[in-house]
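This is what each chain is made of:
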Amino acid sequence: MAGYTELTKESVLWMYETMVTIRRFEEQARREADAGKLRGIHSSIGQEAVPTGICALLRDDDYVLGTHRSHHHCIAKGVNLKEMMAELLGKATGTNKGKGGTMHIADIRKGMLGANGVVGSNIPVATGVALSAKVRGTDQVSVVFFGDGASSQGSLHESMNLASIWKLPVLFVCENNRYAESTPFEYSVAGGSVANRAAGYAMPGVVVDGQSALEMFEVAKEAIARARAGEGPTLIEAQTYRYMGHMGADDPLGYRTQEEEDYYEGRDCIKRMEEHLLDSGLATESDLKAIDEKALAAIAEATKFADESPFPDPSELTTDVYVSYP
Amino acid sequence: MVQTQGVRQLSYIQAVNEALRLEMRRDSTVIIMGEDIAGGGERDDFQDAWGGPMRLTKGLVGEFGRERIRDTPIAESGFMGAGVGAAATGLRPIVDLMYVGFLGVCGDQILNNASKIHYMFGGKVNVPLTIMTGTGAGTNSAAQHSETVYSVFTHYPGLKVVVPSNPYNVKGLYAAAIRDDDPVIICNNRQLMGVRFDVDVPEGDYTIPIGKADIAREGTDVTLVGMSYTTRVCLQAAQELEALGYSAEVVDLLSLSPMDDEAILESVRKTRKIVIVDEDYPRCSIASDVAALVAEQAFDYLDAPPKRVNPPHTLVPYSMPLEALFVPTKEQVVAAALEVMQ
C-alpha cells in the first residue's frame, strides 16, 4: 500500500521504483509475447508516470479501474508481479486464475477492480464504485484511467454528468498518449482538449504533464482531497506518450514521425525522475542501480513463477460463470 | 379490488412495490436507480412525483430517501454501468431499465461487464445486480417499447433471467433476485400490470427459487409451456381445452436462465405432447430452445413434433388491430394443442 500524503524522499523513491518495475515488467512481457507464450500485449512503456503519481496517494481500499492497456495501473496499485505474469501466460496461479489475461487483470485485495478490454466501458463502472463508497459512507475514492480514444465515448460524458450531479468521489484520468490505435488525437477530439470538456459538467478539468510523476502527484493530491471531502469528481488530462505500437505488432512509424517519438522519449518519465533524484541528493547512482537490480530480480522471479505454474484444470472452463447456478 | 375470502389480493404492481419495500427494509445495501423512479429529482416541493411509468416504485422515496432511491439522468449506459460498479463493491443495486428495448443503449454494461466480470476475474468479484425492465406488446406502444427479447439475456452465460407471471411469484422472485449474488434480470410484462389475479400474496417476505418452474395447472393430455404473460394465455387456453374434453398441463417457466429443464421433461414424458408459447421473436427464441431440449432428451416420448407458438418474424406494430396479431393468443394456443393431439 502506498498511501503517501506528501512528496518526501520515501514517496519519491517509491515512485521511481514503481516506474522502473513497470518498465522492466513490460520489457519482459514483450519478450514473453515474442516467445509465443501469449499473443500480444498493449505495452504501457512511456506512460509509467501517470498511474504512479496517482497511486502513490491511494490506499489499498481505494479503487482503480483500467483499460486494455493496464499493466502499469496494476503494478502502481500494488498487484503481485508473480500473479500478474502468471495471468499473462494464462496460468492457474494468475490474478484471475488464467481467465482474464492481459486485458482484464484484477485484484480486489489491492483495490484493482480490473482492466477492461472495451474502450470506455469501465468509466460508468468506476462511477458506480464511487457511488458505492458514498452510499456506504466511506471516504474511499475511485480512479478510472482511459485513453484519448475513450474520451469520445458517450460513457465518459454520461459518467461525468452523473458523478457531478451526485458529487461522487471519482477521478476521471485521461492518459492522452496522442493516438487511438493509429488515429491521432488532433483529428478525433473536437476542440483539441479533453480537459476542457470538464467545464460542461461543472468539475475541474486539469491538464498535466503525464511524463512527470511529481506533477501527477501534485494534481492528484488536490483531486483526491476534493473527492474525499465529498466535493465531487475531477477530470485530469495527463499528456503522455506510448513508445511502442498499439499492440506491439504494428510499427508506429506508419502513422507518426521519428521526430515526434524522439521528442517524447527525450522527456522520458524515468530519466527525468533520475535527474531529479540525483540533483536533489535524494539518491546516488548506486542507489538507482540497486533499485533497477531489485526490479529485475522481482521480474525474473515473477517470470520463473509463471513459467513453472500449471495451466488451469480443464474443469475450470465452466466454473466461475455464476456464483451459484442450480 | 374485490377481495376473495381468505385471499390477500394484490395487483402485480403492488406486489413489486411491496417486494422492493421489504427488501430495502431488510438490507441497507439495497438501492434503486433509474429514470423517474421517484420523480422530481431533488426538488423538495415535488417528492415522489412519479414512481416510474408503471408506478412500481411509487412511495419508496418517502420511506428510504434520496440516498437510496435515485432518479437518474437519461443515461442508461452511465447508470447501468454505475449499477455494475456499485454491485462489485458492496451494494445490492436495483437498476430500472424502463423498457427492455433500451438494452440497445446500455448493452455494453449488461453484456460485457455484468455478465463477464465474475468469470473474467476468476470468480473473485461478485456482481449482485438486479435489473428490472418492462417487456411485452399489447399496449399500443410500437416496436421500441414492446419487445420481450429475454432470449438475448438468456443467451449470455453469467446472467440470470426471471419472467414472473403473477403477483405471488413476482414478489418472491424479486426477493430472490435481490438476494442473489449474480446479476439477475427481471422481466415485467406490462400486460400483467392491469389485470386482476385471484392469487394469495402473503404479507411477509418470501423467496421463490430462481431456476424452478411452477406447474401452474396439472393435466395429462398436453403440456403447455408459458413464461410471463404467455403463462396467462396458456391458463386461459387450458380452460377452453377442458371444455372441449382435454386435460392440459401448464408449466410456468418463471426462470429462463437457469431453466428448469427437468420440469419440462417430466411433464412431456407424462403428456407426450408439447406446445411452447413465447411472445419473443421466433428465431433463437425460448420456444426454439425448449423445442430443442425436448427433441434431444424426450424424443422417444413424443407423440407429435414439439409445437412453437411465437409471433411471426416481424416487429411489433403500432396499430392496435395489427398488434393484436402479434402477441400469441388463447385461440392460437388451443389450435396448436389440438394439432399436436390429433
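This is a predicted model, so every value here is computed, not measured.

The next subject is the overall build of chain B. Regarding its fold elements, chain B presents 12 helices and 12 strands. In terms of overall size, chain B behaves like a compact globule, its C-alpha atoms giving a radius of gyration of 20 Å where 342 residues would be expected to give roughly 20 Å. Oriented by its inertia axes, the alpha-carbon framework of chain B measures out at about 65 × 50 × 40 Å. The buried share among the 342 residues of chain B stands at 61%. Of the contacts formed within chain B by residues at least 6 apart in sequence, a portion of 79% connects residues at least 24 apart. Carbon and sulfur atoms provide 51% of the accessible area of chain B, an area that totals close to 12,700 Å². Of the charged side chains in chain B, 29 are positive and 44 negative, and the gap between their average positions amounts to 2 Å.

Okay, the overall build of chain A next. When you go through chain A residue by residue, the secondary structure sums to 11 helices and 7 strands. Across its three principal axes, chain A shows a C-alpha extent of roughly 60 × 50 × 40 Å. Put simply, chain A has 326 residues, and 57% of those count as buried. Nonlocal contacts in chain A, meaning residues at least 24 apart in sequence, comprise 74% of its contacts between residues at least 6 apart. One way to put it: in chain A the 32 positive side-chain charges average out to a point 4 Å from where the 47 negative ones average out.

This part covers empty space enclosed by the protein. Residue and element names in this part refer to chain B. The full count for this structure, using the stated rule, is 3 cavities of 30 Å³ or more. The calculated volume of the largest cavity comes to roughly 50 Å³. Taken together, G51, G52, P53, M54, R55, L56, T57, D96, M98 and M132 form the lining of the largest cavity. Across the lining of the largest cavity, the residue classes tally to 5 nonpolar, 3 polar and 2 charged.

In most cases, non-glycine residues show a negative phi, while peptide bonds are predominantly trans. Here the bond from S257 of chain B into P258 of chain B is cis, since omega is -5°, no more than 30 degrees from zero. Mapped onto the elements, P258 of chain B comes out in the loop between β10 (255–257) and α9 (261–271). Positive phi, normally seen in glycine, also occurs at K167 of chain A, with a value near 50°. Here K167 of chain A is to be found in the loop between α6 (154–165) and β3 (170–176).

With 44 residues of chain B in contact, the opposing surface of chain A contributes 41 residues. Roughly 3,400 Å² of surface becomes buried between chain B and chain A when both sides are summed, with 62% attributable to carbon and sulfur atoms. Counting the surface chain B buries against chain A, the share from its top three residues, T89, Y119 and F121 of chain B, is 19%. The interface formed by chain B and chain A contains 1 salt bridge. The salt bridge partner of K134 of chain A is E67 of chain B, with a shortest N-O separation of 3.8 Å. Where chain B meets chain A, there are 23 residue pairs in polar contact (both at pLDDT 80 or more). Mapped onto the side of chain B that touches chain A, the elements with two or more residues apiece are β1 (30–34), β2 (69–71), α3 (76–88), α4 (103–114) and α5 (117–120) of chain B. Each residue belonging to the side of chain B that touches chain A can be placed in one class, and the counts come to 19 nonpolar, 16 polar and 9 charged.

Next up on the list: the domain arrangement of chain B. All names here are of chain B. If you check the domain split of chain B, you get domain 1 (12–192) and domain 2 (214–341). Here the C-alpha centre of domain 2 lies 27 Å away from the C-alpha centre of domain 1. Between domain 1 and domain 2 lies a buried interface of about 2,200 Å² when both sides are counted; carbon and sulfur atoms form 56% of it. Looking at the side of domain 1 facing domain 2, the largest losses of area belong to N140, Y150 and V163, adding up to 27% of the total buried there. On the surface where domain 1 and domain 2 come into contact, there are 19 residue pairs in polar contact (both at pLDDT 80 or more). Where the side of domain 1 that touches domain 2 is concerned, the elements lending two or more residues are α6 (150–155), β5 (160–162), α7 (167–179) and β6 (184–189).

Each strand in a sheet pairs with another by means of backbone hydrogen bonds, the pair being arranged parallel or else antiparallel. All names here are of chain B. Spatially, β2-β1-β3-β4-β6-β5-β10 is the arrangement adopted by the 7 strands of the open sheet, whose pairing is mixed. Both outer strands of the open sheet, β2 and β10, are each paired with one neighbouring strand and no more. Taken pair by pair, the neighbouring strands of this sheet meet at an average axis angle of 20°, ignoring direction. Sheet strands in contact with helix α1 (residues 12–26) are β1, β2, β3 (92–99), β4 (130–135) and β6, and its direction is about 135° off that of β1.

It is worth spelling out the side chain of E32 of chain A at this point. Residue and element names in this part refer to chain A. On the secondary structure map, E32 appears in helix α1 (residues 9–34). Here K37 takes part through its side chain, which lies 2.9 Å from a polar atom of the side chain of E32. Residues in contact with E32, not counting those within four places in the same chain, are K37, L38, M85, L89, T303 and D307.

Quick look at the state of the cysteines now. Applying the stated criterion across every chain, the model contains 0 disulfides over all chains. Considering cysteine sulfurs only, C74 of chain A is the nearest to C55 of chain A, which forms no disulfide, with 9.5 Å between them. Summary of cysteine pairing: C234 of chain B is not part of a disulfide, and the nearest cysteine sulfur, belonging to C187 of chain B, is at 17 Å. We classify C234 of chain B as buried; its relative accessible area is 0%.

On to the pairing of β1 of chain B. Residues and elements named next belong to chain B. Across the 5 residues of β1, 5 count as buried, placing the element largely inside the fold. As paired strands, β1 and β3 are joined by 5 bridges and run parallel to one another. Across the sheet, the residue bridging to I32 is I94, located in β3. When β1 meets β2, the two strands line up parallel, connected through 3 bridges. Paired with M33 across the bridge in β2 is R70.

Another aspect to go through is helix α5 (residues 122–136) of chain A. Residues and elements named next belong to chain A. End to end, α5 covers 21 Å across 15 residues, agreeing with the expected 21 Å (1.5 Å per residue, within 8%). Among the 15 residues in α5, 13 count as buried, and that is most of the element. Phi turns positive, to about 75°, at G137, one or two residues after α5.

A few words now on the pattern of salt bridges. Overall, the coordinates contain 49 salt bridges over all chains when judged by the stated rule. With a shortest N-O distance of 3.1 Å, K99 of chain A and E316 of chain A are connected by a salt bridge. Placement of K99 of chain A in the loop between α4 (81–88) and α5 and of E316 of chain A in the segment after α11 (285–308) is noted, with a sequence separation of 217 residues between them. Among the ionic pairs, R92 of chain B bridges to D181 of chain B, the shortest N-O distance being 2.5 Å. Highlighted residues: R92 of chain B in strand β3 and D181 of chain B in the loop between α7 and β6, separated in sequence by 89 residues. The class for R92 of chain B is buried, based on a relative accessible area of 17%. Judged by relative accessible area, D181 of chain B falls into the partly exposed class, the value being 27%.

What counts and how
- Residues numbered from 1 in each chain as written.
- Chains lettered and ligands numbered in written order.
- Predicted model: local features only at pLDDT ≥ 70, side-chain atom pairs only at ≥ 80, totals over all residues.
- Heavy atoms only, no water.
- Helix = DSSP H or I, 4+ residues; strand = E, 2+ residues; numbered from the N terminus.
- Rg over C-alpha atoms; globule rule 2.2 N^0.38 Å.
- Buried < 20%, exposed > 50% of the residue type's maximum accessible area, 1.4 Å probe, protein only.
- Contact = heavy atoms within 4.5 Å.
- Areas by Shrake-Rupley, 256 points an atom, 1.4 Å probe, with all protein chains shown as cover.
- Lys, Arg positive; Asp, Glu negative; His and termini not counted.
- Charge placed at Lys NZ, Arg CZ, Asp CG, Glu CD.
- 1 Å grid on protein atoms, 1.4 Å probe; cavity = no way out; pocket = protein on both sides within 12 Å on 5 of 7 lines; lining within 4 Å.
- Points joined across faces, edges and corners; volume = space filled by probe spheres on them.
- Nonpolar A, V, L, I, M, F, W, Y, C, P; charged D, E, K, R; others polar.
- Buried area = accessible area lost by both parts, 1.4 Å probe.
- Salt bridge = Lys/Arg side-chain N within 4 Å of Asp/Glu carboxyl O.
- Polar contact = N/O pair within 3.5 Å; in protein donor to acceptor, adjacent residues only side chain to side chain.
- Domains from an automatic or database assignment.
- Pairing = 2+ DSSP bridges.
- Axes fitted to C-alpha atoms, helices over the stretch in contact; angles between N-to-C directions.
- Disulfide = S-S within 2.5 Å.
- Expected span 1.5 Å × (residues − 1).

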